[in-house]
Amino acid sequence: VKITPQTSFYDSGSLILNGKTIKNWDLKAHGQVTMTKVIEQSINTGAAFVERKTGPDIFYNYLLKFGLDQPAGAGLPGEISGKLKNLKTTFREINFANAAFGQGVSVTPLQLVDAISAIANKGVLMKPFLVEGVKPVAVRNVISEAAAKQVTAMMVSAVKKAEIAQIPGYEIAGKTGTAQIPDFQKGGYSGDFIHSYAGFAPASDPRFTILMKIDKPKGAPLAGLTVVPAFRELAQFILNYYNIPA
């Protein structure tokens, strides 16, 4: 095992690879932190540390196992997949480090829901479907049940520390995402963002997965101020509507 929730590293606030500098979203150095802390505080350099610790081959193969290079197969006309081109065609360290915290690659909302649901489902990736009554189809084991439990516990800790998505009496597993939108004309990144929040509940016996996503939110720099409150409201409604026990 190369990485556990208790694995720690020293965050100096930045990381230079191939002449490019990776910084944390808050532009801060967090010092010695565990991987759980990395998830709780969305530390970019910590995600890059994990990728470099596991190695590019293992990292890339996990992206493939989660199905991020192909359509999810829900039967929707014109369904597309994400793009991992930066990792497939080049082998620059900076590309893999960026991908570790969600930059330089793309995934569809359905692929992201599938990936989060695989964690909720004890590490087993399922084929999505739209028609009620279709027999569930397991695609493959992506990660071990033990690893899925550890990741879930880290996501629960992140929710508890941030408090915004907390629902009294329930353990919620969730993770924010704040991604820069590329500037397709000039190259690099624009000043616009994509805010997302993905999670599932109850964490110990998941019944649903929710993904909230907003493109180019106005006047709100963090996902915690936009999509997280919306996630909490919908999660609370589902828990009540289906009378789901804690």
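Residues numbered from 1 in each chain as written. Predicted model: local features only at pLDDT ≥ 70, side-chain atom pairs only at ≥ 80, totals over all residues. Heavy atoms only, no water.

## Re the overall build of the protein
For clarity, the cut-off: Counting from the N terminus, the helices are DSSP H or I runs at least four residues long and the strands are E runs at least two residues long. Radius of gyration here is computed from C-alpha atoms only, and the compact-globule reference equals 2.2 Å multiplied by the residue count raised to the power 0.38. Pairs of residues are marked as contacts when any of their non-hydrogen atoms sit within 4.5 Å. Only four residue types enter the charge count, namely Lys and Arg as positive and Asp and Glu as negative; His and the chain termini do not. Where a charge lies is defined by one atom per residue type, namely NZ (Lys), CZ (Arg), CG (Asp) and CD (Glu).
When you go through the protein residue by residue, the secondary structure sums to eight helices and nine strands. The globule rule puts the C-alpha radius of gyration for 246 residues at 18 Å, and the 18 Å found for the protein is close to it. Across its three principal directions, the C-alpha atoms of the protein cover 55 × 40 × 40 Å. When contacts within the protein are restricted to residue pairs at least 6 apart in sequence, those whose partners lie at least 24 apart make up 56%. Computing the positive centroid from 26 side-chain charges and the negative centroid from 18, the protein places the two 4 Å apart.

## Some details on the environment of Gly 104
Note the threshold: Between buried and exposed lies partly exposed: a residue is buried under 20% and exposed over 50% of the maximum accessible area for its type, with that area taken using a 1.4 Å probe on protein chains only.
In this fold, Gly 104 is placed in the loop between helix 5 (93-100) and helix 6 (109-120). Its relative accessible area of 32% is what places Gly 104 among the partly exposed residues. Considered as a pair, Gly 104 and Ala 29 are 75 residues apart in the sequence and their alpha carbons are 23 Å apart. Beyond its immediate chain neighbours, meaning those up to four positions away, Gly 104 contacts Asn 86 and Tyr 189.

## Comments concerning the sheet that holds strand 7 (residues 173-182)
Filter applied, for reference: Strand pairing follows a simple DSSP-based rule, namely that at least 2 bridges must link the two strands. Fitted lines through C-alpha atoms give the axes, limited to the stretch in contact for helices. The angle between two N-to-C directions lies from 0 to 180 degrees.
Taken together, three strands build an open sheet; the order of strands is 7-8-9 and the sheet is antiparallel. Looking at which strands have only one partner, the edges of the open sheet turn out to be strand 7 and strand 9 (208-215). Within the sheet, the average angular offset between the axes of one strand and its neighbour, ignoring direction, is 15°. Note that strand 7 and strand 8 (residues 189-201) share nine bridges and pair antiparallel. Considered in strand 8, the bridge of Thr 178 is made with His 195. Against the sheet, helix 6 touches strand 8 and strand 9, its axis set at about 145° to strand 9. Helix 7 (residues 145-162) rests against strand 7 and strand 8 of the sheet, and its axis sits at about 80° to strand 7.

## Some remarks on the nonpolar core
So the rule is basically this: The term nonpolar core refers to a set of buried residues drawn from Ala, Val, Leu, Ile, Met, Phe, Trp, Tyr and Cys, joined through side-chain atoms within 4.5 Å.
In this structure, Phe 59, Leu 63, Phe 66, Leu 87, Ile 143, Ala 173 and Phe 200 are the most contacted members of the largest nonpolar core, which totals 24 residues. Elements with a contribution of two residues or more to this core: helix 3 (56-65), helix 5, helix 6, helix 7 and strand 8. With residues up to four places along the chain from it excluded, the contact list for Ala 173 reads Thr 152, Met 155, Val 156, Val 159, Ala 198, Gly 199, Phe 200 and Ala 203. Counting residues in each nonpolar core, the second largest holds 18 residues, with Tyr 170, Ala 223, Ile 238 and Ile 244 among its members.

The analysis is restricted to geometry; functional conclusions fall outside its scope.
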